[in-house]
Amino acid sequence: MALVRAMNDCACTLMLLLFFGCQTGHELSFAAFLCCLFKLRILREDDYIGIVFSVIRSYLVVTRKLQTRYRMEPAGSQGVWGLDDFQFLPFVWGSSQLIGHPRLLPKSFPDQSIAKEFAGDYLFMDCIQFIHQMKTGPFPEHSNTLWGISGVPHWAKVNSGLIKMYKAEVLQKFPVIQHFVFGTLLSIQVASDH
């Protein structure tokens, strides 16, 4: 856990130097970097939660500051029909955090007051709160895909759907994956079924 705290302290500077950018391709590179640290056993299984909910939050703080300060435009944005202009993985991880939550259901996240109240505790709600800060107008009009997701009855189904969507919209898109660096730790070879 000490390593996670140390990474959290330097994540903003180091990761910004390594992965300057704020779109899903850069986010993928950042996640791959973290994955390599796990494969090298620099990070351990007991670091998973700390990485996602501490280091990733720091990454989001930095990328959001860049987005707002420099009014960055997303590359290849699908606009209202995309999940989000800049991030995707925090929605995947955040939805997994909410699986089985007794009070927060998917139908509640478009409500700005709900997102604001729970943004500090739940990564998914933090992402929604940031959308509310950045976009104006009715939620269904500026975030149609998320609005559709709010109609899914359970977080487990939201999470599995987001994973499928990530594969289709990020991992299987040539404009994104063409810049990904494969090697011995993250091979381009198809994974075995075992």
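Residues numbered from 1 in each chain as written. Predicted model: local features only at pLDDT ≥ 70, side-chain atom pairs only at ≥ 80, totals over all residues. Heavy atoms only, no water.

Peer 1: Quick question: what am I supposed to make of the overall build of the protein chain here?
Peer 2: Helix and strand counts for the protein chain stand at 10 helices and 0 strands. Across the protein chain, helices and strands are ordered from the amino to the carboxyl terminus as α-α-α-α-α-α-α-α-α-α. Evaluated residue by residue, the protein chain yields a buried proportion of 43% over its 194 residues. Sequence-distant contacts, at least 24 apart, represent 67% of the contacts inside the protein chain between residues at least 6 apart. Summing over all exposed atoms, the protein chain offers an accessible surface of approximately 11,200 Å²; the carbon and sulfur share of this is 59%. (Helix = DSSP H or I, 4+ residues; strand = E, 2+ residues; numbered from the N terminus. Buried < 20%, exposed > 50% of the residue type's maximum accessible area, 1.4 Å probe, protein only. Contact = heavy atoms within 4.5 Å. Areas by Shrake-Rupley, 256 points an atom, 1.4 Å probe, with all protein chains shown as cover.)

Peer 1: Honestly, the packing of aromatic side chains in this entry has me stumped. Any pointers?
Peer 2: Aromatic rings considered in pairs are described by the distance between their centres and by the relative angle of their planes. For the structure on display, the rule yields 10 aromatic pairs. Relative to Tyr166, the ring of Phe88 has its centre 5.2 Å away and its plane inclined at 65°; by these criteria the two rings are edge-to-face. You can see Phe88 sitting in the loop between helix H3 (48–69) and helix H4 (89–97) and its partner Tyr166 sitting in helix H9 (residues 155–171), a full 78 residues away along the chain. Assessed through its relative accessible area of 8%, Tyr166 is described here as buried. Ring geometry for Phe91 versus Phe124: centroids 5.4 Å apart, planes at 85°, classification edge-to-face. Of this pair, Phe91 sits in helix H4 while Phe124 sits in helix H6 (residues 123–134); the two residues are 33 residues apart in sequence, bridging distant segments of the chain. The pair formed by Phe91 and Phe124 is uniform in burial state, with each residue classed as buried. An aromatic cluster is defined as three or more aromatic residues linked by ring pairs; in this entry it consists of Phe91, Phe109, Phe124, Phe139 and Trp155. (Phe/Tyr/Trp six-rings, centres within 6.5 Å; stacked < 30°, edge-to-face > 60°.)

Peer 1: I would appreciate a short explanation of the packing of helix H2 (residues 24–39) against H3 in the present structure.
Peer 2: Axis angle and axis distance: for two packed helices, these are the angle between their axes and the distance between the axes, and together they describe the pair. As a packed pair, H2 and H3 sit with axes 12 Å apart at the nearest point and diverge in direction by 145°. As H2 packs across H3, the resulting crossing turns out to be right-handed. Taken together, the residues of H3 that come into contact with H2 (itself represented by His26, Glu27, Phe30, Leu34 and Phe38) are Tyr48, Ile51, Val55, Ile56 and Tyr59. (Axes fitted to C-alpha atoms, helices over the stretch in contact; angles between N-to-C directions. Left-handed = near helix turned anticlockwise from the far one by under 90°.)

Peer 1: For this particular structure, what's the right way to read H4?
Peer 2: The periodicity of an α-helix, 3.6 residues per turn, causes residues three or four positions apart to be oriented the same way. All of the buried residues in H4 are Leu89, Pro90, Phe91, Val92, Gly94 and Ser95. Of the surrounding elements, those touching the buried residues of H4 are H2, H3, H6, helix H8 (144–149) and H9.

Peer 1: Where do I start with unusual backbone geometry in this structure?
Peer 2: Excluding glycine, residues mostly have negative phi values, and the peptide bonds linking residues are mostly trans. Positive phi outside glycine occurs at Arg41, with the angle close to 65°. By secondary structure assignment, the location of Arg41 is in the loop between H2 and H3.

Peer 1: Sorry, what's going on with the state of the cysteines here?
Peer 2: Disulfides are covalent bonds that link the sulfur atoms of two cysteine residues. Applying the stated criterion across every chain yields a total of 0 disulfides. Lacking any disulfide linkage, Cys36 is separated from the closest cysteine sulfur, that of Cys35, by 5.9 Å. (Disulfide = S-S within 2.5 Å.)

Peer 1: Could you clarify how one ought to interpret the nonpolar core in this entry?
Peer 2: Generally speaking, a soluble globular protein has its nonpolar side chains buried in company with each other. Ranked by size, the top nonpolar core spans 31 residues in total, and within it Phe91, Phe109, Phe124, Met125, Ile128, Leu146 and Leu162 carry the most contacts. Among the elements of the structure, H2, H4, helix H5 (112–118), H6, H8 and H9 are those that each provide at least two residues to this core. Each residue touching Ile128, except ones within four places of it in the same chain, is listed here: Phe91, Phe109, Ala115, Phe139 and Leu146. Membership of the second largest hydrophobic core comes to 12 residues, among which are Phe30, Leu34, Leu43 and Val52. (Core = buried A, V, L, I, M, F, W, Y, C linked by side-chain atoms within 4.5 Å.)

Peer 1: Quick question: what am I supposed to make of the packing of H3 against H4 here?
Peer 2: Packing of H3 against H4 leaves a shortest axis separation of 12 Å and a crossing angle of 145°. The handedness of the crossing between H3 and H4 is left-handed. Of the residues in H4, those touching H3 at Val52, Phe53, Ile56 and Leu60 are Pro90, Trp93 and Gln97.

Peer 1: Where do I start with H2 in this structure?
Peer 2: In this model, H2 (16 residues) spans 22 Å end to end at C-alpha, consistent with the 22 Å of a helix rising 1.5 Å per residue. Where H2 is concerned, the buried positions are Thr24, Glu27, Leu28, Phe30, Ala31, Ala32, Leu34, Cys36, Leu37 and Phe38. Immediately downstream of H2, the backbone of Arg41 shows phi near 65°, a positive value. (Expected span 1.5 Å × (residues − 1).)

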